[in-house]
Amino acid sequence: METAKKEKVRVLLTRHVFEGHDIGLRTIVNRCRESGIEVIYYPRFKDLNEVVKVAEEEDVGLIGISSSTGAHLYLSEVLISTLKEKGMVMPVIVGGIIPDKDASRLKGLGIAGVFGPGSSPEEVTSFILKLLDGH
Amino acid sequence: MVDKKGLNKVKEMEEKWQKNYTEKYEKKLGFKMPESHTESGISLKPVYTPLDISDVDYSDIEMPGSYPYTRGLYPLTYQYQPWMTQQIHGYARAEETRERGEKLAKEGMKGYKGAVLFVVPDLASAYGYDPDAQEARGMVGIGGTSVNSEEDIRIICDGYDLKKTRVGFSTKTTCLPILAMYVAYAERLGYEPKDLNGQSQNRRKISWLGQNTRDHPPQEQLKLQVELIKYCVENMPRWNHTNLCGYVVGENCASPAQEMAFMLSEAIELIECGIKVGLNPDDMIPRFSAQMHMGMDFFEEICKLRAFRKMWAKTIKERFGCEKAASQQFRIHVHTGGINLTAQQPLNNITRATLQVLASVLGSTQSIHTSSYDEALSLPSEDAAITSLRINQIILNESGVAKLCDPLGGSYYVEWLTDRLEKEAWKITGEIEERGGFTRCMETGWLWNILDQRIMTWRQEVDSGQRIIVGVNKYRQEEALEVPEFTVDQEVVEKMAAQRIREWKQSRNQDEVKNALKRVETAARGYMSVDQAGHLMPVLIDAARARCTLGEMVGVFFQVYGQAYPC
C-alpha cells in the first residue's frame, strides 16, 4: 500500500541584487528542480529582511545564498541574526566563490552547508534532500 | 587563390590522402573519426587544403591595413608598437586602487602613449549607491573600488596628465553620472572636455542581460546610451563613447559567432540612433571601442578577431556608406575569459591565459586585459596581476610571434574558418534584425533564452565529461597547491568610505545640490524618445559641478525611468 504522499521539499535560492554572477546559481536552481525540489528563485534581494520575508511568505524549508564577490561573510552574518530576531529556525546554505579559510567561519556562524567552485551541483541537491527529506 | 590547373592537382592529392586515411584507419585499425566541431558548432575535417578556400578571393583578405582589414588595421601590427596591456583594477578605496595601478604601471602595464587608469567600481558604486546608503551595506570595497564622488576620482587621477592618460570606469548603470563627474573634475584642473582621452563603457544593455541585475527597461537604457554618445561625439572627440562588449556575452557561454552577432547588432542599432539625432557617422563610428571575449577554442578565437574586423568594415562601408578608414577600422580590446578559469589547481589558469593572449595576438588585437590565475578564488592579488602582465611580456619579447603581421594568414584552415565563422555570424545578425533588432530582442527575452540555453548545455557537457576541463572533470587532484586568496577588510573600508562621502556631502552648498538634481529630473522627464537626445548630459555635468554624488544622480534616473530585470 502506498503511504501518504510526502510534501515537496521547498527552498529559496537567492542572491543580492548587486551580484553580477548568477550562472552557478541558475545551474543549482535547475538541478534542484530536476531532483524534484521546489525552488523559489529570487535573484535580487536588496537586504536580508527581504530574504527572510520571502522565505516566510513562501514557506520554504531552507535558504540558499549565492555570492561570488566576497560578500558571503556579511550576508551570512546578517541573515542568521535576522532569522533569530524573527524567531525563525531554518537551515541556510551558502555557495559561490567562498575561500576555504572562510568555510569554517561560516559554519561557526551557523551556516549548514558551504559549497565552493569545486562542489558539483549534485552535492548541493543531495545535501538539501538529505537535510530536508531524510534521503 | 590557386588556378584551375593547380586546383585539379590539389584534388588528386586530397583523393590520395582520403584513400590513405580510409585504408589505414578505417579498414586496418577500425578507427572511425569522431565528429568534431568548433565552439560555434562549425563541423571540422582533420585537414584543410587550397580546395577549401578556392572560392575565397584574396581581396576579401587583403594586406594588413587595407579594407576589409582581415589581416589587421594598419600596414604594420606589433612591429611598430606592441599591443596595449590594459588591466582593469580596483578594490577597497581609491587610495588602494591607485596604488595597484601604479604598481602595475611600474611592472609594464601601458597604453600606446601614456598611463592607463581602468578602474572597476565596487558593487555599491556599480549599481549607483553611495557607501553611506542602507542598500550599500556589505557591498562597499568588494568587487572593485568605492568611487562615488569627484573626490574619489581625484584620488585616483591626481597628478596624471589627463591629456595623455587613458581613463575609464568600468560602469554599467552609472555611465552618465560618472562621466559627468570626470568632466567636472577635469574642468577644475583647467582641462576642457575635448582634451580628455579615455572611454565610457556605455554598454549597459549587454551588462544587464549578462549579469541579470537591475537597470531601466531596455528602451530607456537605449535612450541613455544615445544621450552619452551624442554628448561625447559633440564635445569629446578623443573619448571612446561606447564599448561594444562581447565579453559579457562570452562569459555567459555565448559561442564566438553569437558574440560577434550580438556586438554587431547592438552597434548597428546605436549607429542608426546616432544618425537619427543628427550625428555624422564618421565622427561617431571611429569612437566605438570594444571588449571582446577570448575563450579556449584557439583557432576559432583567432578567426573571430579576423572575421569581426571584416564584418565591421563591410557594415560600415556598405550599410552606412562611410569611406573614412578610421570608421571602417574596428579596434579590438580583448579580455581573456573569466569563465575559463578554475578554482581547482589555480596555476593551470596561467596556461589558459597564455593560450588566450597568444590567440589574441595572432588575431591582431590592439589591446589585452589578461585575467589572473587566482580570479576563480578572489580579486587578483598583486602577484597574480603581475603574472598576467608577464604573460604578455613573454609572448611579445620571447616568442617571436610579434615579428610578423597576421602570421597565420594564408593557412587553409584559418582562412576557411574565418570565412565560415563570418557567414555564421551574419546569419545570427540577420536573425536579430528580423526579430526587430537588438533592443527588441532583449525585451522579448530572445537573447536571454539563447544564452540560458548555452549555459545549461555547457554544464551538461562538463558533467557528462563531453567537455573536458582539466582539474575539474579530468585529472582532479585532491592535494592541489593552494594559492593565497586576496581579501579586503570590507567592514573597515566601508566605514572609511561612508565617512568620506558624508564629509563630502556636508561640504557642499545644499541649495545648489537640490536645484541641480531638480534640473536633472526635469531633463530626464523631458527626454521621451531617442530623437530628443542632447539635454541630459549638460545638466548632469552641472550637477557634478555642484558636487552631487553618484548615488544622488543615479537615484534620479531610477525615479524617472523605473527599474527592470532581464529575468
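Relevant structure appears above.
Residues numbered from 1 in each chain as written. Chains lettered and ligands numbered in written order. Predicted model: local features only at pLDDT ≥ 70, side-chain atom pairs only at ≥ 80, totals over all residues.

Visitor: Sorry, what's going on with the interface of chain B and chain A here?
Guide: Every contact between the two is made by 26 residues of chain B and, on the other side, 22 residues of chain A. For the side of chain B that touches chain A, the secondary structure elements donating two or more residues are helix 3 (123-126) and helix 17 (446-464) of chain B. (Contact = placed C-beta atoms within 7 Å. Helix = DSSP H or I, 4+ residues; strand = E, 2+ residues; numbered from the N terminus.)

Visitor: Help me out: how do you make sense of unusual backbone geometry in this one?
Guide: Working note: non-glycine residues mostly have negative phi, and peptide bonds are mostly trans. Residues and elements named next belong to chain B. Going from Tyr67 to Pro68, the amide bond is cis rather than trans, its omega being 5°. Tracing the sequence through the fold places Pro68 in the loop between helix 1 (4-28) and strand 1 (84-85). Here Glu62, not a glycine, exhibits a phi torsion of approximately 65°, which is positive. Position of Glu62 among the secondary structure elements: in the loop between helix 1 and strand 1. Here the phi dihedral of Tyr475 falls at roughly 55°; this positive angle occurs in a residue that is not glycine. By the secondary structure assignment, Tyr475 is in the loop between helix 17 and helix 18 (490-506).

Visitor: Sorry, what's going on with the pairing of strand 4 (residues 92-96) of chain A here?
Guide: In summary, the side chains of a regular strand alternate between the two faces of the sheet. Residues and elements named next belong to chain A. Within strand 4, five of the five residues are buried, leaving the element largely enclosed by the surrounding structure. Alignment of strand 3 (residues 62-67) against strand 4, held across five bridges, turns out to be parallel. Each bridged residue has a counterpart across the sheet, and for Ile63 the counterpart in strand 4 is Val92. Taken together, strand 3, helix 3 (residues 72-85) and strand 4 form a β-α-β motif whose crossover is right-handed. Where strand 4 lies against strand 5 (residues 113-115), three bridges are found, and the strand directions are parallel. Each bridged residue has a counterpart across the sheet, and for Gly95 the counterpart in strand 5 is Phe115. Traced from strand 4 through helix 4 (residues 100-109) to strand 5, the parallel crossover comes out right-handed. (Buried ≥ 20, exposed ≤ 12 C-beta atoms within 10 Å, placed from the backbone. Pairing = 2+ DSSP bridges. Right-handed = clockwise from strand over helix to strand, strands pointing away.)

Visitor: What's the story with the nonpolar core in this structure? I'm lost.
Guide: Across soluble globular proteins, nonpolar side chains show a tendency to be buried alongside one another. Counting 129 residues, the largest nonpolar core has B:Ala180, B:Leu540 and B:Ala543 as its most contacted members. Ignoring any residue separated from it by four or fewer positions in sequence, one finds B:Leu540 in contact with B:Leu176, B:Pro177, B:Ala180, B:Val520 and B:Met553. The next biggest cluster of nonpolar side chains, apart from the first, holds 59 residues, and it includes A:Val60, A:Leu75, A:Leu83 and B:Met139. (Core = buried A, V, L, I, M, F, W, Y, C linked by C-beta atoms within 7 Å.)

Remember, this is a structural readout, not a statement about activity or role.
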